[in-house]
Amino acid sequence: MESNNSLQTELKRVKQELAGYKIELHQTRGYLQSILQSSEDIIFATEVGGMLISFSKGGEKVLGYTWEELVGRDIKDLAENPLLFKEFMSSSLQGGVTTHLDLPFRHKEGKSIYCNVTLINLTNREGQRVGTVGVCRDITLWKKLQEDLVQIDRLAEIGRLAAGVAHEINNPLAIIGEASGWAGMVINDAKGLTAEDRSELEKAVKEISGQTKRCRNITHQLLDFARRSEPEKTEFDVHTLLKESVGFLKPELKHTSIEIDFDFMPGPLLMRSDPRLLEQVFVNFITNAIHAIKKAEKDKGLIEIKTLRTDSKAEISFKDNGVGIPPENQQKIFDLFYTTKPPGKGTGLGLPICQNIIKKIGGEISFHSEVGVGTSFTINVPLV
Ligand SMILES: Nc1ncnc2c1ncn2[C@@H]1O[C@H](COP(=O)(O)OP(=O)(O)OP(=O)(O)O)[C@@H](O)[C@H]1O
Ligand SMILES: [Mg+2]
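Draft legend 1. Structural view of the overall build of the protein chain. Secondary structure assignment for the protein chain yields 10 helices and 12 strands. On C-alpha atoms alone, the protein chain measures out to a radius of gyration of 36 Å, which is more than a quarter above the 21 Å that the 2.2 N^0.38 rule sets for 384 residues. The buried share among the 384 residues of the protein chain stands at 20%. By sequence separation, contacts in the protein chain at least 24 residues apart represent 60% of the contacts at least 6 residues apart.

Draft legend 2. Molecular detail of the nonpolar core. Of all hydrophobic cores here, the largest spans 29 residues; its most connected members are V281, F285, I286, A289 and F318. Among the elements of the structure, α7 (238-248), α9 (275-296), β9 (301-310), β10 (313-320), α10 (350-360) and β12 (374-382) are those that each provide at least two residues to this core. Among the elements that take part in this core, α9 stands out by supplying 9 residues, more than any other. Non-local contacts of I286, meaning those with residues more than four positions away in its chain, are made with S245, V246, L249, I303 and F318. Ranked by size, the runner-up nonpolar core spans 18 residues in total, among them I43, F44, V62 and F105.

Draft legend 3. Structural context of the site of ligand 1. Surrounding ligand 1, one finds 21 residues, the nearest of these being A292, T339, G346, G350 and L351. Mapped onto the shell around ligand 1, the elements with two or more residues apiece are α9 and α10. Per element, the largest residue contribution to the shell around ligand 1 is 4 residues, and it comes from α9. In terms of residue class, the shell around ligand 1 is built from 8 nonpolar, 11 polar and 2 charged.

Draft legend 4. The arrangement of helix α6 (residues 195-226) in detail. Between its first and last C-alpha atoms α6 spans 47 Å; for 32 residues at 1.5 Å apiece the expected length is 46 Å, and the two agree. Listed in full, the buried residues belonging to α6 are V205, T212 and L222. Turning to α6, the residues buried within the fold contact α5 (140-189).

Draft legend 5. Spotlight on unusual backbone geometry. Of note in the backbone geometry, E297 takes a positive phi value of approximately 50° without being a glycine. For E297, the position within the fold is in the loop between α9 and β9. On the basis of neighbour count, E297 is assigned to the exposed category, with 9 C-beta atoms found within 10 Å.

Draft legend 6. Inspection of α7 at higher detail. Turning to α7, its buried residues are V238, L242 and S245. An end-on view of α7 places all buried positions within 60° of arc, on one side of the element. Residues of α7 that are exposed and angled more than 90 degrees away from the buried face: T240 and G247. Against the buried residues of α7 lie β6 (234-237), β8 (270-273), α9, β9 and β10.

Draft legend 7. Layout of the sheet that holds strand β11 (residues 364-370). Across the sheet, 5 strands lie side by side as β7-β9-β10-β12-β11; this open sheet has mixed pairing. Taken across any chain shown, the strands that pair with only one partner, and hence form the sheet edges, are β7 (258-263) and β11. Neighbour-to-neighbour, the strand axes of this sheet turn through a mean angle of 15°, independent of strand direction. Both β9 and β10 contribute to a ladder of 8 bridges, which runs antiparallel. Following the sheet pairing, K306 is matched in β10 by S317. Most of the contacts of α9 go to β10, to which it runs at about 20°, and overall it touches β7, β9, β10 and β12.

Draft legend 8. Just the environment of S34, in detail. With respect to the helices and strands, the residue S34 is situated in helix α1 (residues 2-38). Remark: the alpha-carbon pair of S34 and G192, spanning 158 residues in sequence, is separated by 101 Å.

Draft legend 9. Region of the structure containing the packing of α9 against α10. Contact geometry for α9 and α10: axes closest at 9 Å, N-to-C directions at 145°. Handedness of the α9/α10 crossing: left-handed. Side by side, α9 and α10 meet where L277, Q280, V281, N284, F285, T287 and N288 of the first sit next to G350, I353, C354, I357, I358 and K360 of the second. In terms of residue class, the contact of α9 with α10 is built from 7 nonpolar, 5 polar and 1 charged.

Draft legend 10. Quick peek at the packing of α5 against α6. Here α5 crosses α6 at 155°, and the two axes come no closer than 8 Å. One element, α5, and the other, α6, form an angle in the roughly antiparallel class. Like other packed secondary-structure pairs, α5 and α6 cross with a definite hand, here left-handed. Classifying every residue of the contact of α5 with α6 by side-chain character gives 15 nonpolar, 10 polar and 3 charged.

Draft legend 11. Seen up close, the pairing of β12. Both β10 and β12 contribute to a ladder of 8 bridges, which runs antiparallel. Within β12, the residue paired with K313 across the bridge is P382. Where β11 and β12 come together, 7 bridges link them in antiparallel fashion. Bridged to I365 within β12 is I379. Adjacent in sequence and paired antiparallel, β11 and β12 are bridged by 3 residues, among which G372 carries a positive phi angle near 85°.

Draft legend 12. Just the environment of F105, in detail. Within the element layout of this structure, F105 appears in strand β3 (residues 98-106). Classification of F105 by C-beta neighbours within 10 Å gives buried; the count is 23. Residues F105 and C115, spaced 10 residues apart in sequence, show a C-alpha to C-alpha distance of 7.0 Å. The residues touching F105, leaving out its near neighbours within four places in the chain, are L63, L78, A79, E80, I113 and C115.

Conventions and cut-offs
- Residues numbered from 1 in each chain as written.
- Chains lettered and ligands numbered in written order.
- Predicted model: local features only at pLDDT ≥ 70, side-chain atom pairs only at ≥ 80, totals over all residues.
- Helix = DSSP H or I, 4+ residues; strand = E, 2+ residues; numbered from the N terminus.
- Rg over C-alpha atoms; globule rule 2.2 N^0.38 Å.
- Buried ≥ 20, exposed ≤ 12 C-beta atoms within 10 Å, placed from the backbone.
- Contact = placed C-beta atoms within 7 Å.
- Core = buried A, V, L, I, M, F, W, Y, C linked by C-beta atoms within 7 Å.
- Near = placed C-beta within 6 Å.
- Nonpolar A, V, L, I, M, F, W, Y, C, P; charged D, E, K, R; others polar.
- Expected span 1.5 Å × (residues − 1).
- Arc of directions from axis to C-beta.
- Pairing = 2+ DSSP bridges.
- Axes fitted to C-alpha atoms, helices over the stretch in contact; angles between N-to-C directions.
- Left-handed = near helix turned anticlockwise from the far one by under 90°.
- Parallel < 35°, antiparallel > 145°, perpendicular 65-115°, else oblique.

By themselves these figures say nothing about function.
In structure tokens, the structure reads:
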């Protein structure tokens, strides 16, 4: 009788214990489910061979697949390089319980998703491996930012170097310029020179002084580019400034059949900004247009300069019927030193300087170009 009683007590205790375990199991399962449902990471489980048996909601979002599309698939086939992933899986078997590596997965639409992958071996009570759990964090954006930072660093370094070189070259250039002026005077006063020799020497001196000026222009532009001065603010009429900019280019336009057509909005276009900076932009655009038309060798060159006012902005466009820019070159034209002009003609500084200035005064540049038809550059700048 007594042993029956103690058996019943024991049974009750085991029952209670079991109920406790059940609750615990339920809670643990709920806890796991909530992690799998709410985590933004890819969390997966596979059987020994690598076949997927569970995949988190976050994982579905990151890689673009639904669980129905993944069930039964091999995890390695979701990696960009399945062989590498398989190697990583096998090394994690020998290497211990957890292993980490940065690896790219392939999104359903084909793009790469870089992940920091942690693999955990699942074992049974006998210590035999029964599968793998993986936790993978999407680090694509972080990787891109890291690469951008390296690139920005490199560009800043090149900028500093270029500004340094420009600064150092300035002084010798000034001396060469002065010396060429002096040599010109000496030739002028020199006696006993044949007319032919004199003309040759004069030509050479003129060339030296012209090319020196060109070099100084380049170094000044580079130094301007590197300097972080604040733009000034004065009120001026954009139309007057555009006409003045064309006026500066009279010598370039001489002996050409290029017509400049002003299509201005009625009245003045008043703006409060930095007129000297804008003028530099206008001159650069018009110069490029003149060169593109000359290169196209058309009978009739035309540059249309159009202005518009939209709310708080001025829109100014420069349209030419020059050679146009081939599609493959269009993304390069704002690169520092990119030029298609022959050596000694272009420096490839015009457009990067324009872009730098327009950014400084809070505007934007856009362009459209077709080979054989022409190019139009449009700038949008705030009126104040
Ligand atoms: N209006 C245009 N039509 C056709 N190509 C153009 C036009 N504007 C610019 N480009 C192309 O973009 C390149 C870069 O222009 P950018 O003004 O920066 O330098 P560049 O004119 O070559 O030299 P720089 O202005 O320093 O003397 C040019 O060499 C040319 O190939
Ligand atoms: Mg130019």
